[in-house]
Every structure is written in C-alpha cells, then in structure tokens.
Amino acid sequence: MIGIRTIVVSLALLLAAPLGAQKVHVDVLPPPQNAWADEPPLVASGGLLADAAMRDLLANGFPARLHYRLERWVSGRWFDDLKAATEWDVILKYDVLGKKYQVVRVVDRKSQSLGEYAGVDDAANAVEAAYKVAIPLPKKGQRGYYNLLLDVETLSLTDLDEVQRWLRGELKPAVSGKKNPGTAVGRGIRTLVVRLLGGEKRHYEARTGTFRP
C-alpha cells in the first residue's frame, strides 16, 4: 500500500520542480543519407523522465509507460493521406526488492527486455535511446512525412499487477482488458494522486519535414 508520506513527498517535489522547467525533446530522425525509401526513421527523446516528481514515484514502485505511435503520411494537393502506422510501448519500473530499474519494450504483443539498471539515469537513457521503427516505407517519388505521437503515463490508473504481467510477457489480460480490479482503497488512492498531480498522461508530438525519396 502506498503511504500518505509518499504521496505528500511526491506532491512537494512536483511543486518544487514544475514541468515547464524541464528540457524535453522528442524527435523523428531521418535515415542515413536521407534514404527514405530504403530505411525507416529513428525515434529518440530526452528529458521525459527528468523531473523530480516522476523519479520519486518511480522509486516508490509506480511504473512509467510510454506509448508511441508513428504515422507515415503522403502529402496531397488538397489533403494529406495516412498510409501507414505502427505503435509500441516502453515500460519502466523500479524493482524495490532487487533495487534495479527494469526497462521493457513491447511491440506487437511481444516484450523485449532493454536491460536492468542500478541508476535511474541509465534506465532513462535506455528508454530514450534512438529506436529504428519497423514501418512500411514510402515508394520512390512519393512526397510525404512522418508524424510521431507519444503519451507518457507518469502514474497509471491501471493496477500495478497488470504492469507486472507486462514485464513477465503475459500480455493477454492487458490487451483484452480483463484486468484485476484490485481493492477499492487502492483504486481510490491512485485516483486521488493522479488528480492531485494534474493528470494521468503527458502528450508529445513531433514530425519530420516533408521529403520525396
């Protein structure tokens, strides 16, 4: 159970370190030599996990879930057309007993460990490292661009045991929505903290310039 002291400390840290003071960037990087028709782009970020409030919540067992959606659009004369899209998640959780941060990427219902780290900075580097996205590539001569949507859940309303299933690769309950509802007290505390923190998610967007392979 999450203690009242933990909630108070987390709120104090949030007030002491406003989100606006953090240098956050989310980027869609072009492939080498701008070979758009031959290589997919890279997605990278920085500062997403830098603020003190989030790090305090992580250290107290709350997971962070980053949900990515990369879209490929074709530019038209009047309207742009969505041609391809792919989604994936990165989950960061602190193992209190093992005293290590666990990082997992989940793509197409398959989980891949990105390592365990003793320090939060190393874990954040693993989360935000450049990632080559598997997405259908544009045809040569097809004018378009990539657009990235990212939602960072600093505190999830879903039960913590569901995140444990994600980390173990047991994705069916999370995908189908058949979650353990947990106790009313636990849900109430999580809901209260989320509201006090000012929201469950942070949303970011980035896009490339228009290219013609």
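The preceding data block contains the structure.
Quick look at the structure, then. Only a predicted model underlies this, so the values are computations on that prediction, with no experimental measurement involved.

**Structural notes on the overall build of the chain**
When its secondary structure is counted, the chain shows six helices and nine strands. Put simply, the chain has 213 residues, and 46% of those count as buried. Of all intrachain contacts in the chain linking residues separated by at least 6 positions in sequence, the fraction that spans at least 24 positions is 67%. Total accessible area on the chain stands at roughly 11400 Å², and carbon and sulfur atoms take up 53% of it.

**So, empty space enclosed by the protein**
Within this structure, the stated rule accounts for one cavity of 30 Å³ or more. Taken together, Val-43, Ala-44, Ser-45, Tyr-68, Trp-88, Val-90, Arg-105, Val-127, Glu-128, Ala-129 and Tyr-131 make up the lining of the largest cavity. With three residues, strand β2 (residues 42-46) is the single largest residue contributor to the lining of the largest cavity. Classifying every residue of the lining of the largest cavity by side-chain character gives eight nonpolar, one polar and two charged.

**Some thoughts on helix α2 (residues 52-59)**
Buried within α2 we find Ala-53, Met-54, Asp-56, Leu-57 and Leu-58. One side-chain oxygen of the residue at the start of α2 lies 2.9 Å from the amide nitrogen of Met-54, identifying that residue as Asp-51.

**Points about the sheet that holds strand β6 (residues 110-117)**
Strands pair in a sheet through their backbones, by hydrogen bonds, and they do so in one of two ways: parallel or antiparallel. The strand order across the open sheet built from six strands is β6-β5-β4-β3-β8-β9, with neighbouring strands paired in antiparallel fashion. Of all strands in the sheet, those bounded by a partner on one side alone are β6 and β9 (201-207). Averaged over all pairs of adjacent strands, the angle between their axes in this sheet comes to 15 degrees, without regard to strand direction. Two elements, strand β5 (residues 100-107) and β6, share seven bridges in a ladder whose sense is antiparallel. The residue bridging Arg-105 from the neighbouring strand is Gln-112, located in β6. Those strands touched by α2 are β3 (64-74), β4 (81-95), β5, β8 (144-153) and β9, and its axis lies near 60 degrees from that of β4.

**Some points on the pattern of salt bridges**
All chains considered together, the criterion is met by seven salt bridges. Two residues, Arg-65 and Glu-153, come together in a salt bridge whose shortest N-O distance is 3.9 Å. Highlighted residues: Arg-65 in strand β3 and Glu-153 in strand β8, separated in sequence by 88 residues. The burial state of Arg-65 is the same as that of Glu-153; both residues are buried. A salt bridge links Arg-69 to Glu-71; the shortest N-O distance between them is 2.7 Å.

**Remarks on the side chain of Asn-147**
In this structure, Asn-147 sits in strand β8. Residue class for Asn-147 comes out buried when judged on its relative accessible area of 13%.

**Overview of the environment of Pro-138**
Mapping Pro-138 onto the fold places it in the loop between β7 (131-132) and β8. Sequence separation between Pro-138 and Ala-37 is 101 residues; the distance between their C-alpha atoms is 5.4 Å. Excluding residues that lie within four positions of it along the chain, Pro-138 makes contacts with Trp-36, Ala-37, Arg-72, Tyr-146, Phe-211 and Pro-213.

**A word on the sheet that holds β2**
With respect to topology, three strands assemble into an open sheet ordered β1-β2-β7, the strand pairing being antiparallel. Of all the strands in the sheet, just β1 (25-29) and β7 have a single pairing partner and so form its edges. In this sheet, β2 lies alongside β1 in antiparallel orientation, the contact comprising five bridges. Each bridged residue has a counterpart across the sheet, and for Leu-29 the counterpart in β2 is Leu-42.

**Section: the pairing of β8**
Of all ten residues in β8, eight are buried; the element is thus mostly enclosed. Taken together, the ten bridges between β3 and β8 define a ladder with antiparallel strand orientation. Residue pairing across strands places Arg-72 opposite Tyr-146, the latter belonging to β8. Pairing of β8 with β9, which is carried by seven bridges, proceeds in the antiparallel orientation. Residue pairing across strands places Asn-147 opposite Arg-207, the latter belonging to β9.

What counts and what doesn't
Residues numbered from 1 in each chain as written. Predicted model: local features only at pLDDT ≥ 70, side-chain atom pairs only at ≥ 80, totals over all residues. Heavy atoms only, no water. Helix = DSSP H or I, 4+ residues; strand = E, 2+ residues; numbered from the N terminus. Buried < 20%, exposed > 50% of the residue type's maximum accessible area, 1.4 Å probe, protein only. Contact = heavy atoms within 4.5 Å. Areas by Shrake-Rupley, 256 points an atom, 1.4 Å probe, with all protein chains shown as cover. 1 Å grid on protein atoms, 1.4 Å probe; cavity = no way out; pocket = protein on both sides within 12 Å on 5 of 7 lines; lining within 4 Å. Points joined across faces, edges and corners; volume = space filled by probe spheres on them. Nonpolar A, V, L, I, M, F, W, Y, C, P; charged D, E, K, R; others polar. Polar contact = N/O pair within 3.5 Å; in protein donor to acceptor, adjacent residues only side chain to side chain. Pairing = 2+ DSSP bridges. Axes fitted to C-alpha atoms, helices over the stretch in contact; angles between N-to-C directions. Salt bridge = Lys/Arg side-chain N within 4 Å of Asp/Glu carboxyl O.

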